[in-house]
Amino acid sequence: MSTITPLPTSSLYTACDPEQFSFNTTAELEEVTEIIGQTRATEAVKFGIGIQREGYNLYVMGPPGMGKHTMVKHYLEKQAKGRPVPPDWCYINNFDQPHKPQILRLPPGKGRELSQDMTHLIEELSVALPAAFESDEYRNRVQELEDRLKEQQEHAFNELAEKSAARNIKLFRTPSGFAFAPLSGEEVIGPDEFDKLPQKERERIEEVVANLQEELQKILQQIPLWRKETREKLKQLNREVTFSAVGHLIDSLRDKYRDIDEVMQYFDALAHDIVENVKDFTKGEDGGIEISGLGLTQKPTEPTALHRYKVNILVDNSETSGAPVVYLDNPTYVNLVGRLEHFAQFGALVTDFTLLKPGALHQANGGYLILDVRKLLMQPYAWEGLKRTLFSSEVRIEPLEKVLGLLSTTSLEPEAIPLDIKVVLLGDRMLYYLLHEYDPEFAELFKVQADFEHEIERSDKNQQLYAKVLATLAQKEQLRALDRGAVARVIEYASRHIEDTERLTTHMHSIANLLREADYWAGENSHDVLTASDIQKAIDQQVYRACRVHEKVREAVLREIVLIDTSGERVGQVNGLSVIAMGEYAFGQPSRITATVHIGEGNVVDIEREVELGGAIHSKGVMILSAFLAAKYARKQPLSLSASLVFEQSYGMVDGDSASLAELCALLSALAEAPIKQSLAMTGSVNQNGQVQAIGGVNEKVEGYFDVCNERGLTGAQGVLIPASNVKHLMLKQEVVDAVESGRFAVYAVSSVDEAMQLLTGVEMGAIDSEGNYPEQSVNGRALARLKEMAEIRHAFGEHAKDEQHCTAEDEAQKKDDA
């Protein structure tokens, strides 16, 4: 029998030698400006930033805490410094169609200047125009027009009165209008006297009055025309007065912005609107601008008609250096594309172009926008809104209810802004692949992927570089410097975190948290620098804060509520090992696995699967066991057994194939009736050829069984079997290493089920000879003998059943003949 020896302590923990470092503390080291081990991602980010083609936006993927945001922002800001500052964007009133505000593109800083100039213009006009219209000159000219109109009217009526008098007819002015009456000398003829006049005289007078009334009617019809002419003259006068007050003010602005055609066109429309609506500057009603003894006043809570002359600065790049780099933490639809605000007025919600507010796409226009894809997808319609703007290369402020067709009332329709932007999405790999699979537009918009590595090689060079990274973190977080021992302990922690002695984690978030907590404990212990003991204290406290459930599970085993044997031997029973992950803390738990066999048709029943508590991977592992048994023992005879496997006292889902080796050993033990040592626990996956394959969580599994054995008392016979391919992943806690060193515990590495069974039972598996037989006392020999016995019993039972069936058929035939 070949002997499998326990692993040496050097294989259980790969220490980092502090003496390899030449510094005393990390304060002596230079800072690192780049994230280590991310060459592939870095090159992808540089390419994505540099290429200026449609659809070449970036998706930066990797687990959270890898430093994706920091690295991307660093390169974006570096690239942005060399790019031109984007223009200012403003919304101005569309005087022809006020519900369609116009966009104004201005050089950087000009938007603020124009807004201030317009504010000053309004202030000056609000003083100058009322003063101009209240001047004596203006009043005299208005009075002159009114006098001229009055004189024209009086002249017409006087001429008519003279003509009437020449015909002995008098023209009267009455409260209800004008009237004619015949005269006799200087006296008016009354109605009675008029009736006494001869018929011909009455007819003559009536004819004359009728003619005079026609002339009066013509004069009355002419009066509105005269008044209209006067009003036109008054309007022309108002224009002249307005132009005299406004012209030089606007002309001074024209000189300042003569190089910007859009602004010049705006000034033309502005001047025309001021002339047409000069009353807005001179009225004193509520909501308007008033002239008081104290100067210009305006009600702050109510909009005025003069709002239409304001400039709404949507994006102000007056203080921007290079292209903008914007990170949007809450990527809702309105935070992306902007919003239109409202205010309450007389019980109704109203708005105007001055209430248009920018979104992140406006602020990042001409530069870069960083978004968290998970947050983006969680916001209703935000993803669709982003895609629409990227495809159209313009951003339009539209209320979401209008986009969805839920708004039927009239609202603003602001002009869209041309979009020149590079969008960077930060997310995990799963979301990238899901979007790529289910959203056909995703691949068209995000053509560059930057994939972050979660580990780097643990070489001497990288360990030196890791020390510089720790120095950079300490400097950035304003923590105490680390001595060499602390750096070595962090490197060991980084290997344990990634579960690989040949690798180091690049999950800087976890490392930074460890340093912060170690710095706290260093302060509690009055240490000037971080030492290995401070790092270890932080690690121990992290475990202590999270291990309440772990302690309860272990307590249940120690109190024999959960049945786990750590001594003795049992047939068909083995201690498997599983891992329970709760948040960032994971711990190992031993589980009893049992197997039973009986005569059957070659079926291995997975009880977990039958009751729907087994996952697909676990069920696959059990099927592999069936294939292994059939290939090994059913070459010359049928596999005449049925078996059942179960995780005892398991009340939740079981998945994964890391227990398939333990299940196979339990099954072989039951078949060969070979007792298994309960002092040993095991983990590992197995394939159809009986080779043991690597599994995850090997450190937690070994430590979980060790804790139970340690509480009950280590005897030296206890140990754990792990796959040989998992040895490179061992970074066990010091307590386990010390126990192995003193011979009180053991860790075995196995590469096949034969080695595992030999350790578990103390019996050789046995090799097949040229005739296809195994040694009689080997596990294989005993299993094959048991299967032969089952096959014979099943065959005999089948023949007996056939004879009974034949006799029954003959009896039935005889009865029919007799009948």
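Residues numbered from 1 in each chain as written. Predicted model: local features only at pLDDT ≥ 70, side-chain atom pairs only at ≥ 80, totals over all residues. Heavy atoms only, no water.

In this section: the nonpolar core. Ranked by internal contacts, the top residues of the largest apolar core, which has 49 residues, are Tyr-633, Met-682 and Leu-721. Of all the secondary-structure elements, those providing two or more residues to this core are strand 24 (585-599), helix 23 (616-633), strand 26 (641-647), helix 24 (660-672), strand 28 (680-682), strand 32 (746-750), helix 27 (753-761) and helix 28 (779-818). Broken down by element, this core gets its largest block of residues, ten residues, from helix 24. Residue contacts for Leu-721: discarding those within four places in its chain leaves Leu-680, Ala-681, Met-682, Thr-683, Tyr-748, Val-750, Ala-756, Leu-759 and Leu-760. Val-337, Ala-364, Trp-383 and Ile-421 belong to the second largest nonpolar core, which has 40 residues in total. (Core = buried A, V, L, I, M, F, W, Y, C linked by side-chain atoms within 4.5 Å. Buried < 20%, exposed > 50% of the residue type's maximum accessible area, 1.4 Å probe, protein only. Helix = DSSP H or I, 4+ residues; strand = E, 2+ residues; numbered from the N terminus. Contact = heavy atoms within 4.5 Å.)

Interhelical geometry of helix 17 (residues 460-476) versus helix 18 (residues 484-498) gives an angle of 105° and a closest axis separation of 10 Å. In terms of orientation, helix 17 lies roughly perpendicular with respect to helix 18. Facing helix 17, whose interface residues are Gln-463, Tyr-466, Ala-467 and Leu-470, helix 18 presents Val-487, Val-490, Ile-491 and Ala-494. Counted by class, the contact of helix 17 with helix 18 contains seven nonpolar, one polar and no charged residues. (Axes fitted to C-alpha atoms, helices over the stretch in contact; angles between N-to-C directions. Parallel < 35°, antiparallel > 145°, perpendicular 65-115°, else oblique. Nonpolar A, V, L, I, M, F, W, Y, C, P; charged D, E, K, R; others polar.)

Here we take up helix 7 (residues 199-256). Look at helix 7: 84 Å from first C-alpha to last across 58 residues, which is about the 86 Å you get at 1.5 Å a residue. Along helix 7, the sharpest change in direction is near 40° and occurs at Val-246. (Expected span 1.5 Å × (residues − 1). Bend = angle between axes of the 7 residues up to and from the residue.)

Next up on the list: the packing of aromatic side chains. Per the counting criterion, the structure on display carries 16 aromatic pairs. Ring plane angle 40° and centroid distance 6.2 Å describe the contact between Trp-383 and Phe-442, whose orientation is recorded as tilted. In this pair, Trp-383 sits in helix 13 (residues 382-392) while Phe-442 sits in helix 16 (residues 442-445), placing the two residues 59 residues apart along the sequence. Residue classification places Phe-442 among the buried positions, given a relative accessible area of 0%. Within the aromatic cluster, the residues linked to one another by ring pairs are Tyr-59, Trp-383, Tyr-432, Tyr-433, Phe-442 and Phe-446. A cation over an aromatic ring shows up here: Lys-537 above the ring of Trp-521, its NZ or CZ 5.0 Å from the ring centre. (Phe/Tyr/Trp six-rings, centres within 6.5 Å; stacked < 30°, edge-to-face > 60°. Lys NZ or Arg CZ within 6 Å of the ring centre and 35° of its normal.)

Right, let's talk about the confidence of the model for the protein chain for a bit. Per-residue confidence for the protein chain gives a mean pLDDT of 83, with 89% of residues at or over 70. Taken as a whole, residues 284-303 scores under 50 in pLDDT and shows 29 contacts with residues more than four places along the chain or in a different chain. (pLDDT = per-residue confidence, 0-100.)

All right, on to the side chain of Ser-669 then. Here Ser-669 shows up in helix 24. Exposure remark for Ser-669: the relative accessible area of 0% places this residue in the buried category. Once residues within four sequence positions are removed from consideration, Ser-669 is found in contact with Arg-570, Val-571, Gly-572, Ala-674, Pro-675, Ile-676 and Met-757.

So, about the sheet that holds strand 9 (residues 312-315). Through backbone hydrogen bonds, the strands of a sheet pair up, either in parallel or in antiparallel fashion. With respect to topology, three strands assemble into an open sheet ordered 3-2-9, the strand pairing being antiparallel. Looking at strand neighbours, the two that pair on one side only are strand 3 (102-106) and strand 9, the edges of this open sheet. Pairwise comparison of adjacent strand axes, ignoring direction, gives a mean angle of 35° for this sheet. (Pairing = 2+ DSSP bridges.)

Moving on: the sheet that holds strand 19 (residues 448-451). If you walk across this open sheet you meet the five strands as 10-15-18-1-19, and the pairing is parallel. Bordering the open sheet on either side are strand 10 (325-328) and strand 19, each of which pairs with just one other strand. For this sheet, the mean angle separating the axes of adjacent strands, direction not counted, is 20°. Here strand 1 (residues 58-61) runs beside strand 19; their pairing, made up of four bridges, is parallel. Across the sheet, residue Val-60 finds its bridge partner in strand 19, namely Ala-450. Strands strand 1, strand 10, strand 15 (368-372) and strand 18 (422-427) of the sheet are contacted by helix 3 (residues 68-81), whose axis makes an angle of about 170° with strand 15.

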